[in-house]
Structure formats: structure tokens, C-alpha cells
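# A closer look at the structure
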Amino acid sequence: MRLFSENLTCVRGGREIFSGLSLDVQGGECLLLLGPNGAGKTSLLRMLAGYLKPASGTIRLEDGGEETGEDITVGEACHFVGHLNGVKSQFTVRENLAFWACFLSGEKNGESDAAVIEKALGAFALSSLCDIPAGYLSAGQKRRLCLARLLVAARPLWLLDEPTVSLDKKSQVLLANAVNAHVAGGGMAVAATHLELGIENAQTLELGGRGGRQ
Amino acid sequence: MSGFKSLVARDIRLALREGGAIGTALGFYLIVIAILPLGLGPDLNLLARIAPGVLWVALLLSALLSLDRIFLNDFEDGSLEVMIIGPLPLELIVAAKSIAHWITTGVPLALIAPVLGLLLNLDINAFGVLVLTMLVGTLGVSFIGAIGAALTLGLGRGGLLLSLIILPLYVPILIFGVGSVMAVIVGPSSFTASFMILCAISLAAIVLAPWAAGAALRMKFQ
């Protein structure tokens, strides 16, 4: 797997955010997007996920040398964690995850859904909260529940937009562990962040001003 | 298909837990029909004559109240954003959410209509037909409504705009819904003809509305 994009230009509201941006992420690599507010980190991630059309340039996901198509959206191969958590306050923590597990994993994988959910709950230290309605969770706990979604369905690419928002130090370590495990297993991750995530040998891409380059 | 089913089941469970979601539409329907005889006076013949039309108009307005619920909550908390890049095509997401809306709003409204019909002295022979036409008609109401809900998503106070866009599209459902009930009560036109056209409208809405609403949602996330 390889995420590859060339000469991306992003125009929002008639204003050019960045141009001539190229990036290349191989399986087993993590790319951190750095840059000041308004540099286009979120726009780039939304572009990679397929929400935004690039004004110019191409985004491709190559699968072992064989191209999956021309200008495909990476959507189905990625997890996108944006500013919003996608957590239903009427559902318990476990019900929230169970829905995403069922919805996101179109076909069944080897492990049963329940086991996958338990594992994801454990990975983000949510096991003790699993029967509490998500509406009662704190902001950081909701964020952890949102991040646990990453683990309930297998996706080769993780797109994380400010994943550490409202997480405490311990939870940031949990997140770093999850990303490290994902990358070590041959996955790819692209994360926009202002904080040191603690991700091993990550590359960085500095956005800001005109034309970021790797 | 498991994604489709789980989405329908989730939306129904959410609506049940919210309570207010179903309650608002049902409560509005009940209130409108209950105060109408008070305003018109106790002329039973008049009430019986206008009952089918009034029941249908009030049903459409009640359904309208709940339309923004189809996408708004999921849009605001970010669930919709995750769904639209998921494995389920956007058109099927719209269809699943419309079906859930029909089950949680259209079906309860249609089932309570005969009870409210009693308040309006509706001919007792028409009760079965009323429920049947409303069950069919509300399916179209939910699917067409999804277009409006998608178009006005995230506009803030989009309620008026939603009504302006959607109510004209409900006119055929209203005409043929009332027409088929009236055919049973007073004749002489045929019930089958009106009912078939009503079915056709709902079927067309089921097929076409998900594409339109899907396109509107794609635009929203640009």
C-alpha cells in the first residue's frame, strides 16, 4: 500500500491555501502534518479522505504496484477522525462502538465483532465505562471513544485531524501506542497535530506560507 | 447489507430513546385535529366531509416538523461525516435513514389517524382505507422529505426553507391520498385509480429521492 499525491492545490473560498504539495506515504510509515492555524492541515486531510476535490493535482492509493484507479477517493480505505467525535450521547459506549464495527466492516473479518470491540475498549481504557451512556462522558473520554473507532474496523490508512484534542497525558500515550501498532503492522497514518505525539520515526510535512514540501 | 440494516436499526433506536422525536410529530397531529372541531363548531356533517382532507394536511405538517431530524443530529455530531466515506453507498445511507424516519414517524402517524378520525366524525368504513393510504403515502413523504432535509442541512434555521422546498412536492401525495379516501366515502370515482397513482408516487420517490438527497449531501461536504 502506498498513498501518493502530486502537485496538490487547495482553494477554499477563492483563496489558495497551498499549492504544489506532494506527499508519498508507504505502508508502515506515519506522516505528521505541522503548521500554524490556517495552514491547510485539515483541508489536506479532508482532500485525502475525498471530501474535498483538489483544485489541481492527483491523489492515488496504490495497492502493491497495481493502481486501483484514476483519481480514486481514498475514502473506503481510510479512517477519518475529524474535529467532531461522531459519538451518540443516547447510546452507551459499547453500543456506539458496536454500531461502527457493524457499519464500517462491510464483510466479517476473522475475529467476532464482540471480541474486536472489547479489544478496542481496552486499548483506549474505556472498559470500565462501557455501559455508561456516552452523554455522561467527559470531553476527553468522548474523544477516546471516537478514537476507539479506529480499531473496530481494519483500514490501511488513518487520517487523524488533531487527534489529541482534550486528551490527557495518559490517553495521548494510548493513542501513540495505537498508531505505533497500526504503523508497525504495515498501516499508514497521516496526522495533523500541534503536540509531540510520541510516534516512532515519523516523517513530518511542514505546511504554511506558500507551497509546503516534504 | 449488514451496514444498511444496522443503520436502520440504529436510527430507530435513537428515535425511541430520544422520545421527543416521535412525540413531537404525534403531539402536533393530535393537537391540530383536537382543536379543529372547537374552531369549526359541532356540525357533524361538515366535519365528516372535510375529515379526510384535514387528516391528510395535518399529517403532512406533522411529518414536516420531524424532517430535519433525518440528517441533522448525525451532521452535527460528525457521524454523517464518517458514514459517507464508509463502505455503504451514500444513496443507501439516505434510503436507510428515510426508512427509519418512515418507521418512527410515518407509521405512528398513520396508525393514530383513525383515532383522530373519530374526533372528526369520519365515516367508519373509511378507517381501513385511511390507514392503508397513509402508510403508503408517508413512505413517499419520508423519502421526498430526505431531499429537503439534505438540501437545508446545516443552514441553521432552515425550517421555513425546508417547508417551501418540500410542501409543493407533497401536493400530489395529498391529492391522491385524499382522493382515494374520498372515493370510498362518497364515490363516484374509483378508489383503485387514485390508490395506484399514490403507490406510484411513493415508489418513484423511493427510487429517485436517494440520488437527489445523496447529491445534496455530497455538495454539503465539499
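Our structure is the block above this text.
A quick note: this is a predicted structure, and the numbers were derived from the prediction, not measured. (Residues numbered from 1 in each chain as written. Chains lettered and ligands numbered in written order. Predicted model: local features only at pLDDT ≥ 70, side-chain atom pairs only at ≥ 80, totals over all residues. Heavy atoms only, no water.)

## Considerations on the packing of helix H3 (residues 44-67) of chain B against helix H6 (residues 90-119) of chain B
All names here are of chain B. Two numbers describe how H3 lies on H6: the axes approach to 10 Å, and their chain directions differ by 155°. Here H3 is positioned roughly antiparallel relative to H6, judged by the angle of their axes. In this structure, H3 crosses over H6, and the sense of that crossing is right-handed. Between H3 and H6, the contacting residues are Leu47, Leu55, Leu59, Ser62, Ala63, Ser66 and Leu67 on the first element and His101, Thr105, Leu109, Ala110, Ala113, Leu116, Gly117 and Leu119 on the second. (Axes fitted to C-alpha atoms, helices over the stretch in contact; angles between N-to-C directions. Helix = DSSP H or I, 4+ residues; strand = E, 2+ residues; numbered from the N terminus. Parallel < 35°, antiparallel > 145°, perpendicular 65-115°, else oblique. Left-handed = near helix turned anticlockwise from the far one by under 90°. Contact = heavy atoms within 4.5 Å.)

## A look at the side chain of A:His182
Tracing the chain through its elements places A:His182 in helix H5 (residues 169-184). Excluding residues within four positions of it along the chain, A:His182 makes contact with A:Arg155, A:Pro156, A:Leu157, A:Trp158, A:Gly187 and A:Met188.

## Comments concerning the pattern of salt bridges
All names here are of chain B. The full count for this structure, using the stated rule, is 13 salt bridges over all chains. The salt bridge involving Asp74 is made with Arg10; its shortest N-O contact spans 3.0 Å. Of this pair, Asp74 sits in helix H4 (residues 72-77) while Arg10 sits in helix H1 (residues 2-18), placing them 64 residues apart in sequence. The same class applies to Asp74 as to Arg10, namely buried. Close ionic contact of Asp11 with Lys97 constitutes a salt bridge, the shortest N to O distance being 2.8 Å. Here Asp11, found in helix H1, pairs with Lys97, found in helix H6; they are 86 residues apart in sequence, far enough to count as distant. The pair Asp11 / Lys97 is uniform in exposure class, with both members buried. (Salt bridge = Lys/Arg side-chain N within 4 Å of Asp/Glu carboxyl O. Buried < 20%, exposed > 50% of the residue type's maximum accessible area, 1.4 Å probe, protein only.)

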